[in-house]
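Structural description and commentary
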Amino acid sequence: MSLSIRNQISGTVLSVTPGEVMATVRVRLDGGQEITAAITLEAVKELGFAEGAAVRTLVKSTEVALATGAVDGLSIRNRLPGTVTDVTTGGAMAGVKVAVAGGELTAAITRDAAEDLGLAPGAEVTALVKSTEIALAAV
Amino acid sequence: MSLSIRNQISGTVLSVTPGEVMATVRVRLDGGQEITAAITLEAVKELGFAEGAAVRTLVKSTEVALATGAVDGLSIRNRLPGTVTDVTTGGAMAGVKVAVAGGELTAAITRDAAEDLGLAPGAEVTALVKSTEIALAAV
Amino acid sequence: MSLSIRNQISGTVLSVTPGEVMATVRVRLDGGQEITAAITLEAVKELGFAEGAAVRTLVKSTEVALATGAVDGLSIRNRLPGTVTDVTTGGAMAGVKVAVAGGELTAAITRDAAEDLGLAPGAEVTALVKSTEIALAAV
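Cut-offs used in this document
- Residues numbered from 1 in each chain as written.
- Chains lettered and ligands numbered in written order.
- Predicted model: local features only at pLDDT ≥ 70, side-chain atom pairs only at ≥ 80, totals over all residues.
- Heavy atoms only, no water.
- Contact = heavy atoms within 4.5 Å.
- Polar contact = N/O pair within 3.5 Å; in protein donor to acceptor, adjacent residues only side chain to side chain.
- Helix = DSSP H or I, 4+ residues; strand = E, 2+ residues; numbered from the N terminus.
- Nonpolar A, V, L, I, M, F, W, Y, C, P; charged D, E, K, R; others polar.
- Pairing = 2+ DSSP bridges.
- Least-squares fit on C-alpha atoms with pLDDT ≥ 70 in both.
- UniProt positions renumbered as here; feature names shortened; annotations may be inferred.
- Axes fitted to C-alpha atoms, helices over the stretch in contact; angles between N-to-C directions.
- Buried area = accessible area lost by both parts, 1.4 Å probe.
- Salt bridge = Lys/Arg side-chain N within 4 Å of Asp/Glu carboxyl O.

Under an unreviewed UniProt entry, chain A has the name Molybdenum-binding protein and belongs to Streptomyces angustmyceticus.

See below:
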């Protein structure tokens, strides 16, 4: 299966915390970062996600935000530091590529945001992704 | 690849409208509904999506909203009428299963929303999904 | 129309910036805040959104992040300062209600995030929403 989802980074499940409806799954990415995915409990059960399982984390480009400064006191669990490698600008949106440890991310943000942040190749950024926006694939 | 993404409905690409960064892809689902996915232009090119291509539409449960009445004047492009088949309630969230033409959807909404709407098996609802929340897989 | 989408705040369109497939719509909320929605150009055309139009902004709870400190250098366009009024905790997720000028927001975040940020009634927070997560309804 070939997916339109641009952001796919491999990792290993560290832990699973089940709720009644949702579950949070901690994953250590191959680049060393730790991320949290909030997925349905049903998906966890069907796919048998458990400690040690090899997974791929999937994030749509429209779900990736970028920060240029320090990130503190934020509910967004997932923060991947990286360096901008490319910026493509359209009429309303901009596509920003970010090299992170273990892979590359694409963020689709508004053109205004890209301009306000002065994003250009070489810029240091932190990619931010809400836990509810991360899907997992068993590999 | 087994995905945590609960909602996967097969369909056929009707048209692709490219922008500079994003593209919108119209898909007719096997159940007859038409949906629009806003994905990166890069994904369209790499996966070769074009009229007639067989695809699977993928939507995370957390991206599905539900409406119980008529839906008018709403920017959300994708509206799948269906019937609630199951509601699971947790402390903060609720998982709602909806039978639609051609398949089944799961919506992860707040418990408050499920209660306020009086969702229970048999309820007629319309599942709503923003175009930016739909990913496509080549099949 | 009864929607599961918890967050609905009324406002007035300030401007529309069309791209080829997406458009950004600036809205001044009744509480005075300005927000940006990135929706499909098709939706803008069909609904006739233009300067002065009365709209309702719609955001799913799972799309709202919360920050307790200063928010700088962030690509997320929409930042609504407010005060936590209620926190409901489930096994994996937490629902946080935030009073903002002109209304109330619900954020569905991970329980871990709610605990790490020490969210409790009275806490001052900024609600953050990516532009791609905001839908608009004509009113």
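On we go.
1. Regarding the interface of chain B and chain A
Contacts between the two partners involve 41 residues from chain B and, on the opposite side, 41 residues from chain A. Connecting chain B to chain A are 20 residue pairs in polar contact (both at pLDDT 80 or more). Among the secondary structure elements, those contributing two or more residues to the side of chain B that touches chain A are strand S1 (2-3), strand S4 (34-40), helix H1 (41-47), strand S5 (54-59), strand S7 (78-89), strand S8 (93-100), strand S9 (103-110) and strand S11 (135-138) of chain B. Grouping the amino acids of the side of chain B that touches chain A by side-chain chemistry returns 19 nonpolar, 13 polar and 9 charged. Examined bridge by bridge, strand S1 (residues 2-3) of chain A and S11 of chain B share 2 bridges and lie antiparallel to one another. Following the sheet pairing, Ser2 of chain A is matched in S11 of chain B by Ala138 of chain B.

2. Observations regarding the relation of the copies chain C and chain A
Superposing chain C onto chain A takes a rotation of 180° plus a shift of 0.0 Å along the axis, which leaves an RMSD of 0.1 Å. Here the symmetry operator amounts to a two-fold rotation axis. Nearest to the rotation axis, the C-alpha of Val71 of chain C is located 3.9 Å from it, this being the minimum over chain C. When the interface residues of chain C are mapped onto chain A, 100% of them again lie at the interface, so the same face is used by both copies.

3. Points about the UniProt feature "domain: Mop" (unreviewed entry) in chain A
Under the UniProt annotation, "domain: Mop" (unreviewed entry) lies at residues 2-68 and 73-138 of chain A. Between the end C-alpha atoms of residues 2-68 of chain A there is a gap of 32 Å, over a span that is 10% helix and 57% strand.

4. Some points on the sheet that holds strand S6 (residues 65-67) of chain B
Residues and elements named next belong to chain B. What the 5 strands build is an open sheet, ordered S6-S10-S7-S8-S9; its pairing is antiparallel. Looking at which strands have only one partner, the edges of the open sheet turn out to be S6 and S9. Strand-to-strand, the axes of this sheet are offset by a mean angle of 45°, without reference to chain direction. Here S7 runs beside strand S10 (residues 124-129); their pairing, made up of 6 bridges, is antiparallel.

5. Quick word on the sheet that holds strand S6 (residues 78-89) of chain C
All names here are of chain C. Read from one edge to the other, the open sheet built from 5 strands follows the order S5-S9-S6-S7-S8, with strand pairing classed as antiparallel. The open sheet terminates on both sides in strands that have one partner only, identified here as strand S5 (65-67) and strand S8 (103-110). Direction aside, the axes of adjacent strands within the sheet are offset by 45° on average.

6. A short note on the interface of chain C and chain A
Each partner contributes to the interface: chain C provides 38 residues, whereas chain A provides 38 residues. Roughly 2,500 Å² of surface becomes buried between chain C and chain A when both sides are summed, with 61% attributable to carbon and sulfur atoms. Of all residues in chain C, the largest losses of buried area upon contact with chain A belong to Ser75, Arg77 and Lys130 of chain C, amounting jointly to 20% of the total for that side. Seen at the junction of chain C and chain A, the total is 2 salt bridges. Residue Asp116 of chain C is joined to Arg77 of chain A by a salt bridge in which the shortest nitrogen-to-oxygen separation is 2.7 Å. For the interface between chain C and chain A, the tally reads 14 residue pairs in polar contact (both at pLDDT 80 or more). Going through the elements one at a time, strand S1 (7-18), strand S2 (22-29), S5, S8 and helix H2 (111-116) of chain C are the ones with two or more residues in the side of chain C that touches chain A. It is H2 of chain C that contributes the most residues to the side of chain C that touches chain A, 4 residues altogether. In the side of chain C that touches chain A, the residues fall into 17 nonpolar, 13 polar and 8 charged.

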